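Secondary and tertiary structure notes
The residues making up each chain are set out below.
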Amino acid sequence: MAGQTDMELIKDGVRLDGRKPDELREVKITAGVLDNADGSCYLEWGNNKIYAGVFGPMECHPRHKQKADRAIVQARYTMAPFSVNDRKRPGLDRRSSEISYIVSQAFEKVVMVEEFPKASIRVDMQVVEAHAGTRCAAMTAASVALADAGIPMRDMIPACASGKVNDVVVLDLNKEEDNYGQADLPLAIIPSTGEVVLLQLDGHLTPDQFEEAMDLATSGCMDLYKIMRDALDKSYGGKK
Ligand code: ADP
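Below is a summary of the structure that appears in this document. Within each chain, residue numbers correspond to sequence positions counted from 1 in written order. The model is predicted, so local features are restricted to residues of pLDDT at least 70 and side-chain atom pairs to those at 80 or more, both for listing and for counting; the totals for chains, interfaces and linings are taken over all residues. The basis for every side-chain value is the complete set of non-hydrogen atoms in the structure, without hydrogens or water.

If DSSP finds at least two bridges between two strands, the strands pair. Here a strand is any run of E in DSSP of at least two residues, a helix any run of H or I of at least four, and the numbering for each starts at the N terminus. The mixed open sheet is built from five strands, whose spatial order is β3-β4-β5-β7-β6. If you trace the sheet from one side to the other, it starts and ends with β3 (27–31) and β6 (72–79), each paired once. For this sheet, the mean inter-axis angle between neighbouring strands, taken without regard to orientation, is 15 degrees. Pairing between strand β4 (residues 39–45) and strand β5 (residues 48–59): seven bridges, direction antiparallel. By the bridge assignment for β5, Glu-44 is matched with Lys-49. Here an angle of 0 to 180 degrees is reported between the N-to-C directions of two axes, which are lines fitted to C-alpha atoms, with helices fitted over the stretch in contact.

Structural data, given as structure tokens:
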């Protein structure tokens, strides 16, 4: 988010990739793609490509992390070295640790952790190609993988960003918009209650623009929620 405003990212209401301000990139979700995980998902969102795999509930290790009255969710977000233009150094960095932490916190709000004392539910998200919006995309994939694993949840969590480019509030920033836009606001909600479980803001928005960006990201989450449920219906309709 460079905050650079002289690059023309939207002209006559049309963005560089041809989308209108309130349009999502194309999203394709497939549940149950990995044989070796208890639950899994593959998601393509624009040019983002992400796998999510879930294991558990299982005994929590290391033991000092166990909670006597509930399970913990141990989410781990990683980017493959080949997921970005310049080869990314493998392994966890500060950004991956931050995303892993906020995703774990969000899922502890919906997973029925009280049913599994001392357990751990492991959620691994692997970004194979990254083109902006990967924390939301990874979280969305993780929700579907948790559902595919049969982990009891109050709801799934769709996540979607809105932002601002050339002073226009837009949905779901692409790579150029993320690089040269003025604001990025990732949001994740629990659709059945409207509760916000993740909200971040990089850049500047006026109070009115913030309201507009929240409304846009919320409607993006609801559109995504339908795509997530359709993917699960398709998976269970076909093989379970
Ligand atoms: P998000 O992917 O959730 O939008 P950021 O705003 O931190 O998260 O990153 C925006 C984009 O910048 C990523 O989707 C990715 O395309 C790129 N990016 C992130 N980290 C790196 C990195 N270490 N090297 C190269 N590009 C990166």
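This next bit is on the nonpolar core. In globular proteins that are soluble, nonpolar side chains generally tend to be buried together. Only buried residues count toward a nonpolar core, which is a set of Ala, Val, Leu, Ile, Met, Phe, Trp, Tyr and Cys residues joined through side-chain atoms within 4.5 Å. Under the scheme applied here, a residue whose accessible area is under 20% of the maximum for its type counts as buried, over 50% as exposed, and between as partly exposed, the area being computed with a 1.4 Å probe on protein chains only. Formed by 67 residues in total, the largest nonpolar core has its most connected members in Phe-107, Val-111, Val-123, Met-125, Met-139 and Leu-146. A contact between two residues is defined here by any heavy atoms of the two lying within 4.5 Å. Excluding residues within four positions of it along the chain, Phe-107 makes contact with Val-73, Met-139, Ala-142, Ser-143, Leu-146 and Ile-157. By size, the runner-up hydrophobic cluster in this structure holds five residues, among which are Leu-9, Val-165, Val-170 and Leu-173.

On to the site of the ligand. A single heavy atom is enough: if one lies within 4 Å of a molecule or strand, its residue is considered near that molecule or strand. Surrounding the ligand, one finds Met-79, Val-84, Lys-88, Arg-95, Ala-130, His-131, Ala-132, Gly-133, Thr-134, Arg-135, Lys-175 and Asp-178. Here an oxygen atom of the ligand sits 2.8 Å away from a polar atom, N or O, in the main chain of Ala-132. Any pair of nitrogen or oxygen atoms within 3.5 Å is treated as a polar contact; in protein, a donor-acceptor pairing is required on top of that, and neighbouring residues in sequence qualify only through side-chain atoms on both sides. A distance of 2.8 Å separates an oxygen atom of the ligand from a polar atom in the backbone of Gly-133. Cavity and pocket criteria rest on a 1 Å grid covering protein atoms alone: a 1.4 Å probe that fits but cannot get out defines a cavity, protein on both sides within 12 Å along at least 5 of 7 lines defines an open pocket, and an atom within 4 Å of a point defines a lining residue. Pocket or cavity membership: a molecule qualifies when more than half of its atoms sit within 2 Å of the grid points of that site. The cavity where the ligand resides is the largest pocket. Put simply, the parts of the chain that give the shell around the ligand at least two residues each are α2 (134–148) and α3 (175–180). Only Asp, Glu, Lys and Arg are considered charged, only Ala, Val, Leu, Ile, Met, Phe, Trp, Tyr, Cys and Pro nonpolar, and every remaining residue, Gly among them, polar. Of the residues in the shell around the ligand, the class split is four nonpolar, three polar and five charged.

With that out of the way, let us pick up empty space enclosed by the protein. Grid points are joined across faces, edges and corners, and a volume is the space filled by probe spheres set on the points. Under the defined criterion, the tally for this structure stands at one cavity of 30 Å³ or more. The wall of the largest cavity is formed by Arg-25, Trp-45, Ala-132, Gly-133, Cys-136, Ala-161, Asp-172, Leu-173, Asp-178 and Asp-184. Taken together, the residues that form the lining of the largest cavity break down as five nonpolar, one polar and four charged.

All right, on to the pattern of salt bridges then. Here, a salt bridge means any Lys or Arg side-chain nitrogen found within 4 Å of an Asp or Glu carboxyl oxygen. The tally for this structure, following the rule as stated, stands at 13 salt bridges. With a closest N to O distance of 4.0 Å, Glu-44 and Lys-28 form a salt bridge. One end of the pair, Glu-44, is in strand β4; the other, Lys-28, is in strand β3, with 16 residues separating them in the sequence. Its salt-bridge partner being Asp-230, residue Lys-226 comes within 2.8 Å of it at the nearest N-O pair. A residue pair is termed a helical-turn pair when its members lie 3 or 4 positions apart in one helix, as Lys-226 and Asp-230 do in helix α4 (residues 207–239) at four residues. Given the relative accessible area of 37%, Asp-230 is considered partly exposed. Within this structure, Arg-15, Asp-17, Arg-19, Arg-25, Asp-172 and Glu-177 form a network of salt bridges that share partners.

Glancing now at the packing of helix α1 (residues 94–107) against α2. Running from amino to carboxyl end, α1 crosses α2 at an angle of 45 degrees, the nearest separation of the two axes being 11 Å. By the angle class used here, α1 and α2 are oblique. In terms of crossing hand, the pair formed by α1 and α2 is right-handed. Mapping the contact onto sequence places Arg-95, Glu-98, Ile-99, Ile-102, Val-103, Ala-106 and Phe-107 in α1 and Thr-134, Arg-135, Met-139, Ala-142, Ser-143 and Leu-146 in α2. A breakdown of the residues in the contact of α1 with α2 according to their chemical character gives eight nonpolar, two polar and three charged. Throughout this description, any angle smaller than 35 degrees is read as roughly parallel, any larger than 145 degrees as roughly antiparallel, any in the 65 to 115 degree range as roughly perpendicular, and the remainder as oblique. Handedness of a helix crossing follows the sense of rotation of the near helix relative to the far helix, less than a right angle counterclockwise being left-handed and clockwise being right-handed.

Our focus in this paragraph is the environment of Pro-186. Along the chain, Pro-186 falls in strand β10 (residues 183–190). Leaving out residues up to four positions away in the same chain, Pro-186 has contacts with Arg-135, Cys-136, Cys-160, Ala-161, Leu-198, Leu-199 and Gln-200.

To continue, consider the packing of aromatic side chains. For any pair of aromatic rings, the description consists of the separation of the ring centres together with the inter-plane angle of the planes. Centre distance within 6.5 Å is the pairing criterion for rings of Phe, Tyr and Trp, where only the six-membered ring of Trp is used; planes under 30 degrees apart are then read as stacked, over 60 as edge-to-face, and the remainder as tilted. Summed over all chains, the structure comprises one aromatic pair. Plain terms: the ring middles of Tyr-42 and Tyr-51 are 4.6 Å apart, the flat faces sit at 35 degrees to each other, and that makes the pair tilted. According to the relative accessible area criterion, Tyr-42 is buried, its value standing at 17%. Sitting over the ring of Tyr-225, Arg-229 keeps its end group 4.4 Å from the ring centre. Both a distance and an angle decide whether a charge sits over a ring: NZ of Lys or CZ of Arg must be within 6 Å of the ring centre and within 35 degrees of the ring normal.

Here the focus is the state of the cysteines. Pairs of cysteine sulfur atoms within 2.5 Å are what we label disulfides. If you walk through the whole model with that rule in mind, you get zero disulfides. In this structure Cys-221 is a free cysteine whose sulfur lies 5.4 Å from that of Cys-160, the closest cysteine sulfur available.

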